[in-house]
Amino acid sequence: MYLPPHDPHVDDPMRFKPLFRIHLMERKCATVECMYGHKGPHNGHIQIVKKDEFSTKCNQTDHHRMSGGRQEEFRTWLREEWGRTLEDIFHEHMQELILMKFIYTSQYDNCLTYRRIYLPPSSPDDLIQPGLFKGTYGSHGLEIVMLSFHGKKAKGTKITGDPNIPAGQQTVEIDLAHPLQLPDIENLRDFSELSRIVLEVQEQVRREEQEREQRQEEEEPSQQAASQPASPLGGGEGAEGEETAAGAEGTTQDKAPASQPFVLPMGVISRNEDYPRTCRICFYGTGLIAGHGFTSPERTPGVFVLFDDDRFGFIWLELKSFSLYSRIKVSFQNAQAPSREAFDEMLKNIQSLAT
C-alpha cells in the first residue's frame with residue numbers, strides 16, 4: 001500500500017507499507033501471509049474475483065489487535081498515519097474527523113478488494129502531464145487525486161477518500177475555456193475582490209450553459225425531420241469534436257504565459273503555508289463538498305491555480321480554504337490505459353462504486 005506523506009508535507013515522497021505476501025511453492029501451490037498488524041506475518045487468503053479484480057482476507061485477525069485495546073490501536077495508527085499524537089491535535093473538529101477515519105479504515109482491515117486503476121492518457125495539448133497528485137484536504141489530511149484532461153475540462157478524481165467525499169468522486173473540475181485574470185498582488189489579498197471575479201465567471205458559465213441547452217432544444221425538431229445525417233453544425237459528434245479542438249487550441253495558447261505573483265487572500269485557510277508565490281495561469285473551476293457520509297453533495301465555485309509542471313492548487317471559495325497538490329513521482333509499471341475509452345470506462349466504474 002502506498003501512503004501519502006504526513007500532513008501537510010505534500011512534496012515529501014510516498015510511504016510504502018506491505019499488506020500481504022505470497023510464497024510460490026512447487027506444483028503450482030502457494031501460501032498467502034497477511035502482513036497487517038504488529039505481530040508479524042500470519043495466515044491469509046487471496047481470491048481472484050474477476051478480470052482486474054481480486055480480494056484478500058486475513059484468517060487470523062487477532063494478529064491485528066493490540067493488548068491495550070482499541071485505544072492503543074488508535075494511538076498507534078495516529079502515530080503511523082499522521083505522524084503525531086492525540087495531544088498534538090487541539091482542534092476538536094479535527095479530532096472527530098480523524099477518529100471517524102480510523103473507524104472507517106479499521107473495520108475493513110481483515111478483508112480488502114482491489115481493482116485496477118489506469119493512469120490517465122496524455123496529449124500534447126494538455127496543460128501539464130496528467131497523473132497522480134498528493135493534496136491537502138484540511139482536517140482530513142493528505143489524499144490522492146488523479147488529474148486527467150477531457151477536451152475543455154480537466155478533472156481531479158479522488159483515489160483515496162474521507163468521511164465526507166469518498167474515493168471515486170470528482171473532487172475538482174477545471175473549466176479550461178474560462179481562464180481567470182487575477183487582480184494585482186495587493187488586491188488579491190482582498191478575498192471579496194477574488195470572490196467577485198469568480199462569481200462573475202460562474203454567472204457567465206451558467207448563461208452559456210442555458211444558451212447551449214436552448215439551442216439543442218431548438219435543433220432537435222429539425223434534426224428529427226431531416227432525412228440526411230446531421231451536419232457538424234447540427235450539434236452532433238462533429239460539433240463536439242470542433243468544440244474540443246477549439247478548447248484544446250485555446251489551452252495551448254495559454255499554456256506557458258509569463259509567471260505572475262501569487263498570494264492567498266486574507267482569511268483563506270491553508271494547511272501548508274509553503275505554497276509557491278508565483279503561478280503560471282488560473283482557471284475557473286468547481287469543487288465538490290458534502291456532509292459526513294457524502295450527504296447533500298454540491299459543486300461550489302473555486303479557482304484552479306497552476307504553479308508549475310508538478311504543483312497546482314485549488315481555492316475553495318465557499319469553504320475559504322486552499323488545497324495544494326504535488327505530483328506523485330513513483331513509477332508504476334503496466335499502469336497505462338490501453339485506450340482513452342478504457343480509461344473513461346474505469347472512471348465511470350470507480351465513481352459508481354463510490355455512490
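What you see is a predicted model, and the numbers here were worked out from it, not measured in a lab. Residue positions are given per chain, counted from 1 along the sequence in the order it is written. Residues qualify for local features only when their pLDDT is at least 70, as the model is predicted, and side-chain atom pairs are given and counted only at 80 or more; totals for whole chains, interfaces and linings, by contrast, use all residues. Note: side-chain values were computed over all heavy atoms of the structure, leaving out hydrogens and water.

Participant: For the overall build of the chain, give the residues involved together with the corresponding values.
Facilitator: Per the secondary structure count, the chain includes six helices and 18 strands. Each residue is placed in one exposure class: buried if its accessible area under a 1.4 Å probe, protein chains only, is under 20% of its type's maximum, exposed if it is over 50%, and partly exposed if it falls in between. Per-residue burial for the chain yields a buried fraction of 40% across its 355 residues. When checking whether two residues touch, look at their non-hydrogen atoms; a contact exists if any pair is within 4.5 Å. A separation threshold of at least 6 residues defines the contact pool for the chain, and within that pool the share at least 24 residues apart is 55%. Accessible area of the chain: about 19800 Å², with a carbon and sulfur share of 51%. Only DSSP runs of H or I with at least four residues qualify as helices, and only runs of E with at least two residues qualify as strands; both kinds are numbered from the N terminus onward. Only the protein chains shown count as cover for residues, with accessible areas throughout obtained via the Shrake-Rupley method and a probe of 1.4 Å.

Participant: Can you explain the pairing of strand E8 (residues 131-136)? Please cite residues and give values.
Facilitator: Within E8, six of the six residues are buried, which leaves the element mostly enclosed by the surrounding structure. Bridging between E8 and strand E9 (residues 142-150) involves six bridges; their strand directions are antiparallel. Bridging from a neighbouring strand, Gly135 pairs with Glu143 of E9. For two strands to be treated as a pair, DSSP must find no fewer than two bridges joining them. In this antiparallel pair of consecutive strands, E8 and E9, the connection spans five residues, and Gly138 shows a positive phi of 55 degrees. Direction of pairing for E8 relative to strand E18 (residues 321-327): antiparallel, over a ladder of three bridges. Looking across to E18, one finds that Lys134 is bridged to Ser326.

Participant: Account for the nonpolar core, with residues named and values stated.
Facilitator: Of all hydrophobic cores here, the largest spans 26 residues; its most connected members are Leu180, Phe262, Val303, Ile315 and Phe322. At the level of elements, helix H4 (191-225), strand E15 (281-291), strand E16 (295-308) and E18 are the ones that each hand at least two residues to this core. When residues of this core are assigned to their parent elements, the largest contribution, six residues, is made by H4. The next biggest cluster of nonpolar side chains, apart from the first, holds 20 residues, and it includes Phe133, Phe149, Ile174 and Trp316. For this analysis, a nonpolar core means a set of buried residues of the types Ala, Val, Leu, Ile, Met, Phe, Trp, Tyr and Cys, connected via side-chain atoms within 4.5 Å.

Participant: Provide a residue-level description of the packing of aromatic side chains, including the pertinent values.
Facilitator: Pairing of aromatic rings covers Phe, Tyr and the six-membered ring of Trp, with a centre-to-centre limit of 6.5 Å; geometry is then stacked below 30 degrees between planes, edge-to-face above 60, and tilted otherwise. Tallied over the entire structure, the rule returns 20 aromatic pairs. Grouping aromatic residues by their ring pairs yields a cluster made of Phe133, Tyr137, Phe283, Phe304, Phe312, Phe314, Trp316 and Tyr325. We note Lys158 situated over the ring of Tyr137; from NZ or CZ to the ring centre the distance is 4.5 Å. A ring is considered to have a charge above it if a Lys NZ or an Arg CZ atom is located within 6 Å of its centre and within 35 degrees of its normal. Taking the ring centre of Phe191 as reference, the NZ or CZ of Lys320 above it sits at 4.6 Å.

Participant: I'd love a proper account of the side chain of Ser270, names of residues and values included.
Facilitator: Mapping Ser270 onto the fold places it in strand E13 (residues 269-270). One polar contact links the side chain of Ser270 to the main-chain carbonyl oxygen of Asn272, over a distance of 2.7 Å. In protein, a polar contact requires one atom able to donate a hydrogen and another able to accept it; more generally it is a pair of N or O atoms within 3.5 Å, and residues adjacent in sequence count only if both atoms are side-chain atoms.

Participant: Outline unusual backbone geometry, listing residues and values.
Facilitator: Between Asp7 and Pro8 the backbone carries a cis peptide bond, its omega angle lying at 0 degrees. Considering the arrangement of structural elements, one finds Pro8 in the loop between strand E1 (2-3) and strand E2 (15-16). Phi at Lys320 takes a positive value of approximately 55 degrees, unusual for a residue other than glycine. Within the secondary structure, Lys320 sits in the loop between strand E17 (311-316) and E18.

Participant: For the environment of Gln47, give the residues involved together with the corresponding values.
Facilitator: Assignment of secondary structure puts Gln47 in strand E5 (residues 42-50). Note on Gln47: relative accessible area 46%, which makes it partly exposed. Separated by 66 residues in the primary sequence, Gln47 and Thr113 have C-alpha atoms spaced 9.4 Å apart. Ignoring anything within four residues of it in the chain, the contact list for Gln47 reads Phe54 and Ser55.

Participant: Please give an account of the side chain of His150 that cites residues and values.
Facilitator: Within the fold, His150 resides in strand E9. A distance of 2.8 Å separates a polar atom in the side chain of His150 from a polar atom in the side chain of Ser148. If near-sequence neighbours (up to four positions away) are discounted, His150 is found in contact with Lys155, Arg340, Phe343, Asp344 and Leu347.

Participant: Summarise the sheet that holds strand E3 (residues 20-24); cite the residues concerned and give the values.
Facilitator: Within the open sheet, the five strands sit side by side as E3-E4-E5-E6-E7. Their pairing is antiparallel. The sheet is open, and its two borders are formed by E3 and strand E7 (111-115), each paired with just one other strand. Direction aside, neighbouring strands of the sheet carry axes that sit 30 degrees apart on average. To get an axis, a line is fitted to the C-alpha atoms, and for a helix only the part in contact is used. The angle between two axes follows their N-to-C directions and goes from 0 to 180 degrees.

Participant: Outline the pattern of salt bridges, supporting the account with residue identities and numerical values.
Facilitator: By convention in these notes, a salt bridge is any Lys or Arg side-chain nitrogen within 4 Å of a carboxyl oxygen on Asp or Glu. Scanning all chains against the criterion turns up 21 salt bridges. Of the charged contacts, one joins Glu203 and Arg207 as a salt bridge, the two residues approaching to 4.0 Å between their closest N and O atoms. Here Glu203 pairs with Arg207, and both are found in helix H4, just four residues apart, close to one helical turn. Close ionic contact of Asp310 with Arg327 constitutes a salt bridge, the shortest N to O distance being 2.7 Å. Pair noted here: Asp310 is in the loop between E16 and E17 and Arg327 is in strand E18, with a separation of 17 residues, a long-range link. Residue Arg327 is classed as buried on the basis of its relative accessible area of 11%. Linked by salt bridges that have partners in common, Lys50, Glu53 and Arg115 make up one network.

Read these as geometric descriptors, not functional statements.
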